[in-house]
Amino acid sequence: MKEMLVLYDPNCGLCCRVKDWLLGQRKYVDLLFVPANSEEAWYRFPQLNHARTLAELTVITERGAVYRGPKAWLMCLWALGDYRAWSFRLASPELLPTAKQVIGMISQNRTKLEGVGKMLLKTDEKRAKT
Amino acid sequence: MNTNWIVTTYLVYLAISIVLTIWVARTLHKNGRVFLVDVFHGNEQLADSVNHLLVVGFYLINLGYVSLALQIGYRVDTSQTSIEALSYKVGMVLLVLGGMHFVNLYVFSRMRRRSTLYDAPPPVAPDEFTAVREH
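Everything numeric here is computed off the predicted structure, so don't read it as measured data.

*Asks:* In this structure, what is going on with the sheet that holds strand 3 (residues 58-61) of chain A? I would like to understand it.
*Replies:* Adjacent strands of a sheet form backbone hydrogen bonds with each other and so pair up, either parallel or antiparallel. The strand order across the open sheet formed by five strands is 2(A)-1(A)-3(A)-4(A)-1(B), and the pairing between neighbours is mixed. At either margin of the open sheet sits one strand with a lone partner, and together these are strand 2 (30-35) of chain A together with strand 1 (128-129) of chain B. In this sheet, strand 4 (residues 65-68) of chain A lies alongside strand 3 of chain A in antiparallel orientation, the contact comprising three bridges. Directly across from Thr58 of chain A, in strand 4 of chain A, lies its bridge partner Arg68 of chain A.

*Asks:* What is the right way to look at the interface of chain A and chain B in this model?
*Replies:* For interface size, the figure often reported is the accessible area lost on association. The partner chain B presents 20 residues to the 27 residues of chain A that form the contact. Its salt-bridge partner being Lys71 of chain A, residue Asp127 of chain B comes within 3.4 Å of it at the nearest N-O pair. Examining the composition of the side of chain A that touches chain B, we find that five residues originate from one element, helix 5 (residues 84-91) of chain A, more than from any other. Of the residues belonging to the side of chain A that touches chain B, the class tally is 16 nonpolar, four polar and seven charged. Sheet topology note: the strand 4 of chain A/strand 1 of chain B ladder contains two bridges and is antiparallel. Considered in strand 1 of chain B, the bridge of Val66 of chain A is made with Glu128 of chain B.

*Asks:* Explanation requested: the confidence of the model for chain B in the structure shown.
*Replies:* The predicted coordinates of low-pLDDT regions are not to be read in fine detail. Residues and elements named next belong to chain B. When pLDDT is averaged along chain B, the result is 88, and 97% of the positions lie at 70 or above. When mean pLDDT is taken per element in chain B, helix 2 (residues 44-68) scores highest with 92 and helix 3 (residues 79-119) scores lowest with 87. Model confidence for the complex: the whole-complex pTM is 0.61, and ipTM, which rates the interface, is 0.74.

*Asks:* Sorry if this is basic, but what is going on with the state of the cysteines here?
*Replies:* Joining two cysteines, a disulfide is a covalent bond between their sulfur atoms. All names here are of chain A. Per the counting criterion, the structure on display carries one disulfide over all chains. Note on cysteine connectivity: Cys12 is disulfide-linked to Cys15, with sulfurs 2.2 Å apart. Taking the sign of the S-S torsion, 90 degrees for the link of Cys12 and Cys15, the bridge is right-handed. Owing to a relative accessible area of 3%, Cys12 belongs among the buried residues under this scheme. Not part of a disulfide, Cys16 finds its nearest cysteine sulfur in Cys12, a span of 6.4 Å.

*Asks:* Whenever I open this one, unusual backbone geometry confuses me. Can you help?
*Replies:* Excluding glycine, most residues fall at negative phi; most peptide bonds, likewise, are trans. The phi dihedral of Asn37 of chain A is positive, around 65 degrees, even though this residue is not glycine. Within the secondary structure, Asn37 of chain A sits in the loop between strand 2 and helix 2 (39-44). At His41 of chain B, a residue that is not glycine, the phi angle is positive and equals roughly 55 degrees. Residue classification places His41 of chain B among the exposed positions, given a relative accessible area of 52%.

*Asks:* Looking at this model, I keep getting lost on the pattern of salt bridges. Mind explaining?
*Replies:* Two side chains with opposite charge may pair up if their charged atoms get near one another. According to the stated counting rule, one finds nine salt bridges over all chains in the structure shown. Residue Arg44 of chain A pairs with Glu40 of chain A through a salt bridge whose shortest N-O separation is 3.0 Å. Placement of the pair is Arg44 of chain A and Glu40 of chain A together in helix 2, with a separation of four residues, close to one helical turn. Using a relative accessible area of 36% as the deciding quantity, one classes Glu40 of chain A as partly exposed. A salt bridge links Glu44 of chain B to Arg33 of chain B, with the nearest nitrogen and oxygen atoms 3.0 Å apart. Taken together, the residues span a long stretch of sequence, with Glu44 of chain B in helix 2 and Arg33 of chain B in helix 1 (residues 2-39) at a distance of eleven residues. Residue class for Glu44 of chain B comes out partly exposed when judged on its relative accessible area of 43%. Overlapping salt bridges bring together Arg33, Glu44 and Asp48 of chain B as one network.

*Asks:* Help me understand helix 4 (residues 70-79) of chain A, please; the structure alone is not making it clear to me.
*Replies:* Because each turn of an α-helix spans 3.6 residues, side chains separated by three or four positions end up pointing in the same direction. Most of helix 4 of chain A is tucked away: seven of the ten residues are buried. Among the residues of helix 4 of chain A, Ala72, Leu74, Met75, Cys76, Leu77, Trp78 and Ala79 of chain A are the ones counted as buried.

Cut-off values and rules
Residues numbered from 1 in each chain as written. Chains lettered and ligands numbered in written order. Predicted model: local features only at pLDDT ≥ 70, side-chain atom pairs only at ≥ 80, totals over all residues. Heavy atoms only, no water. Pairing = 2+ DSSP bridges. Helix = DSSP H or I, 4+ residues; strand = E, 2+ residues; numbered from the N terminus. Contact = heavy atoms within 4.5 Å. Salt bridge = Lys/Arg side-chain N within 4 Å of Asp/Glu carboxyl O. Nonpolar A, V, L, I, M, F, W, Y, C, P; charged D, E, K, R; others polar. pLDDT = per-residue confidence, 0-100. Disulfide = S-S within 2.5 Å. Buried < 20%, exposed > 50% of the residue type's maximum accessible area, 1.4 Å probe, protein only.

The following block contains the structure:
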């Protein structure tokens, strides 16, 4: 696998910050970011339920395998050179339920969590300034 | 008589240390190869090259230590002091060799883990499949 498509919510500040962070990481698999429900997304995946991609993060591989929500997050970790081991740890039967809960909570409150994201994950613009 | 004792001690120390270093390096070289071939996906040439480089580093560090630790700072004029000095020096060399050996094992296992991670399939199964339009 060479690359995966990440459908993210462009109107969510936290998501954009996470995206910037992901872009800056070393990768085993390239991540292409496409705004959810955008023209490009519709063009690439004509049969996909696009309404769902607005509600939760979606990752789609070159072959069309669709991962939603917590699974999509794990796939993003799996793509990273420094965090692949973590994707397996979190996907283990002992940790998966907790991981799903935490990720679900973050997703649901993503607009409220923007402030936290601002603090933890600096975007490129901010980095350039400091 | 004095000089004879100390020179003999030095020579015996060097002989033991060098033989030990060679023995450990050869063991590492022989048994590390299988490991590296696996790490580099059967690319034997690359495995042999990395193996060789590792062993060279191993030799350099160990012989460097052996050489630095040669000097005995007190009088050695009896068989007793000679044997005591020798056992202390050789003991230190053995500990350094052991330490280096474990560092090497750690490097091998790290390389192997990295390569198995690199090949690892996704941690979760997909939810569904969708058609992808080529562009």
